[in-house]
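Fold and contact review
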Amino acid sequence: MKKIQIGIRFPEDVKRFIDQEAARNCSSANSEVIRAIRERMDRIGERSDADERASA
């Protein structure tokens, strides 16, 4: 899976939450953002089997 880099501006409370979750899960802020988006994709059924295999 090809990865791209983008810049995103977050409200302070969202950034604080991301950082807290990253610390709690011993992961990076980037990983927490990806995790949150993928959980949302799963809930609304937007992930294909190929996407799930690539992220495993």
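Reference entry: report on the structure contained in this document. Computed from a predicted structure; not experimentally measured.

Before going further, it helps to examine the layout of surface pockets. Estimates place the volume of the second largest pocket at around 200 Å³. Surrounding the second largest pocket, Phe10, Val14, Phe17, Ile18, Glu21, Glu32, Val33, Arg35, Ala36, Ile37 and Glu39 form its lining. For the lining of the second largest pocket, the secondary-structure elements that each account for two or more residues are α1 (12-24) and α2 (29-44). Tallying contributions element by element places α2 first for the lining of the second largest pocket, with six residues.

For the coordinates displayed, the defined rule picks out three salt bridges. Between Arg24 and Glu21 there is a salt bridge, with its nearest N and O atoms 2.7 Å apart. With a gap of three residues between them, Arg24 and Glu21 both fall in helix α1, about one helical turn apart. Accessibility expressed as a relative area gives 17% for Glu21, which makes it buried. A salt bridge links Arg35 to Glu32, with the shortest nitrogen-to-oxygen separation between them at 3.5 Å. Linking Arg35 with Glu32, this pair stays in helix α2, spanning three residues, or about one helical turn. On the accessibility criterion, Arg35 (36% relative accessible area) is partly exposed. With a relative accessible area of 8%, Glu32 lands in the buried category.

Reading guide: rules and limits
- Residues numbered from 1 in each chain as written.
- Predicted model: local features only at pLDDT ≥ 70, side-chain atom pairs only at ≥ 80, totals over all residues.
- Heavy atoms only, no water.
- 1 Å grid on protein atoms, 1.4 Å probe; cavity = no way out; pocket = protein on both sides within 12 Å on 5 of 7 lines; lining within 4 Å.
- Points joined across faces, edges and corners; volume = space filled by probe spheres on them.
- Helix = DSSP H or I, 4+ residues; strand = E, 2+ residues; numbered from the N terminus.
- Salt bridge = Lys/Arg side-chain N within 4 Å of Asp/Glu carboxyl O.
- Buried < 20%, exposed > 50% of the residue type's maximum accessible area, 1.4 Å probe, protein only.

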